[in-house]
Amino acid sequence: MGEVMAAHERPRSSRLGEERELEILRAAYELLSEVGYEGLRLDAVATRARTSKATLYRHWPGKPQLVADAVRACKGWQEELPDTGSLRDDLILLVRGMADHMAGEDGPLFAGLVMAMRSDPEFASEMRAMVTAKRRLGDEICSRAVDRGQLTAGCRAGLIEEIAPAVLFMQGFARGEPLDDEYVAHLVDDILLPLLTA
């Protein structure tokens, strides 16, 4: 049996243009923000997007694929960071961006998606495939630092995205504490930099 193709990899029918597809994904994302993953129904998406459920099913096999595509399209991951010339400053910019997303209005939505991934294996697979496919900014930051002589080759760049989102999530949601500049600096200076330079 072949592997299931993730939402972002599946080809779209030429009958659904890029602009129309984005309109549908925006409608899905708006509803997702309002009702959460569990409450999202494809007929409601069809109504909001002024299309039919049949059209949705022609392009997305089900809710997991549609929601994963909507998140990818409407809440794009940070695609690039300026090269500050400093490993620390690059990390501050990256972690500040993560913290702003979590502290913003989309924070509760993404917390809900994490819970949905626990109860819906198909949705979890779609979201993990999307995260794996996105460009790893931690790798890029560390590669720059190696070129500058600020890190040694072979440093564990994956630690950035392994640790930072989890720590920010615990601070912001589990503890209800602010994700302010002081906390961002603490996460970079006391946790990430020591691990990367060890």
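Source: prediction; values computed, not measured. (Residues numbered from 1 in each chain as written. Predicted model: local features only at pLDDT ≥ 70, side-chain atom pairs only at ≥ 80, totals over all residues. Heavy atoms only, no water.)

### Section: the overall build of the chain
Scanning the chain for helices and strands turns up ten helices and zero strands. Tracing the chain from N to C terminus, the helices and strands come up as α-α-α-α-α-α-α-α-α-α. In the chain, the share of contacts with a sequence separation of at least 24, taken over all contacts with a separation of at least 6, comes to 70%. Accessible surface for the chain amounts to roughly 10900 Å². Of this, 52% is attributable to carbon and sulfur atoms. (Helix = DSSP H or I, 4+ residues; strand = E, 2+ residues; numbered from the N terminus. Contact = heavy atoms within 4.5 Å. Areas by Shrake-Rupley, 256 points an atom, 1.4 Å probe, with all protein chains shown as cover.)

### Some remarks on helix 10 (residues 181–197)
Taking 1.5 Å of rise per residue, the 17 residues of helix 10 would be expected to cover 24 Å, and the 22 Å separating its terminal C-alpha atoms lies within 8% of that figure. The largest bend along helix 10 measures about 30 degrees and falls at Val188. Of the residues making up helix 10, those classed as buried are Tyr183, Val184, Ala185, Leu187, Val188, Leu192, Leu193 and Leu196. Buried residues along helix 10 sit in contact with helix 5 (87–103), helix 8 (137–148) and helix 9 (158–174). (Expected span 1.5 Å × (residues − 1). Bend = angle between axes of the 7 residues up to and from the residue. Buried < 20%, exposed > 50% of the residue type's maximum accessible area, 1.4 Å probe, protein only.)

### Considerations on the confidence of the model for the chain
Across the chain, pLDDT averages 87, with 88% of residues at or above 70. No element of the chain has a lower mean pLDDT than helix 7 (residues 121–133), at 87, and none a higher one than helix 10, at 97. Contacts from residues 1–5, a stretch scored under 50 in pLDDT, to residues over four places away or in other chains number three contacts. (pLDDT = per-residue confidence, 0-100.)

### Considering helix 5
Two residues of an α-helix separated by three or four positions point the same way, owing to the 3.6 residues in each turn. Taking 1.5 Å of rise per residue, the 17 residues of helix 5 would be expected to cover 24 Å, and the 24 Å separating its terminal C-alpha atoms lies within 8% of that figure. Of the positions making up helix 5, those classed as buried are Leu87, Asp90, Leu91, Leu94, Val95, Arg96, Gly97, Met98, Ala99 and Met102. Packing partners of the buried residues in helix 5 comprise helix 6 (107–119), helix 8, helix 9 and helix 10.

### Overview of the pattern of salt bridges
Within this structure, the stated rule accounts for twelve salt bridges. For Arg148, the salt bridge goes to Asp83, with nearest N and O atoms at 2.4 Å. Of the two residues, Arg148 is situated in helix 8 and Asp83 in the loop between helix 4 (63–74) and helix 5; the sequence distance between them amounts to 65 residues. The class of Arg148 is partly exposed, set by a relative accessible area of 27%. (Salt bridge = Lys/Arg side-chain N within 4 Å of Asp/Glu carboxyl O.)

### Brief notes about the packing of aromatic side chains
Each aromatic ring pair is specified by the distance between its two centres and by the angle formed by the two planes. Across all of its chains, the model carries two aromatic pairs by this definition. Ring centres of Tyr37 and Phe123 lie 4.2 Å apart, and the angle between their planes is 25 degrees; this geometry places the pair in the stacked category. In this pair, Tyr37 sits in helix 1 (residues 18–39) while Phe123 sits in helix 7, placing the two residues 86 residues apart along the sequence. On the accessibility criterion, Tyr37 (5% relative accessible area) is buried. (Phe/Tyr/Trp six-rings, centres within 6.5 Å; stacked < 30°, edge-to-face > 60°.)

### Here we look at a nonpolar patch on the surface
Where nonpolar side chains cluster on the molecular surface, the patch consists of Phe169, Met170 and Phe173 and spans about 240 Å² of accessible area. By the element assignment, Phe169 lies in helix 9. (Patch = residues over 30% accessible without salt bridge, like charges linked within 9 Å, V, L, I, M, F, W, Y side chains within 5 Å.)

### Details of the packing of helix 1 against helix 6
At a minimum axis distance of 9 Å, the contact between helix 1 and helix 6 shows a crossing angle of 50 degrees. Taken as axis vectors, helix 1 and helix 6 run oblique relative to one another. When you trace helix 1 past helix 6, the crossing you get is left-handed. Contact with helix 1, carried on its side by Tyr29, Leu32, Ser33, Tyr37 and Glu38, involves Leu109, Phe110, Leu113, Ala116 and Ser119 of helix 6 and no other residues of that element. (Axes fitted to C-alpha atoms, helices over the stretch in contact; angles between N-to-C directions. Parallel < 35°, antiparallel > 145°, perpendicular 65-115°, else oblique. Left-handed = near helix turned anticlockwise from the far one by under 90°.)

### Here we look at the packing of helix 1 against helix 4
Between helix 1 and helix 4, whose axes approach to 8 Å, the crossing angle comes to 105 degrees. Considering the angle they form, helix 1 stands roughly perpendicular to helix 4. For the pair helix 1 and helix 4, the contacting residues are Glu21, Leu22, Leu25, Arg26, Ala28, Tyr29, Leu32, Tyr37 and Glu38 in the first and Lys63, Pro64, Leu66, Val67, Asp69, Ala70, Val71, Arg72, Ala73 and Cys74 in the second. Looking at the contact of helix 1 with helix 4 residue by residue, the class counts come to 13 nonpolar, no polar and six charged. (Nonpolar A, V, L, I, M, F, W, Y, C, P; charged D, E, K, R; others polar.)

### Here we look at the nonpolar core
Of all hydrophobic cores here, the largest spans 28 residues; its most connected members are Leu91, Val95 and Leu168. Those elements that place two or more of their residues in this core are helix 5, helix 8, helix 9 and helix 10. In this structure Val95 touches Ala164, Leu168, Val184, Leu187, Val188 and Leu192, once residues within four positions along its chain are discounted. Counting 27 residues, the second largest nonpolar core, distinct from the first, contains Val45, Ala70, Ala116 and Phe123. (Core = buried A, V, L, I, M, F, W, Y, C linked by side-chain atoms within 4.5 Å.)

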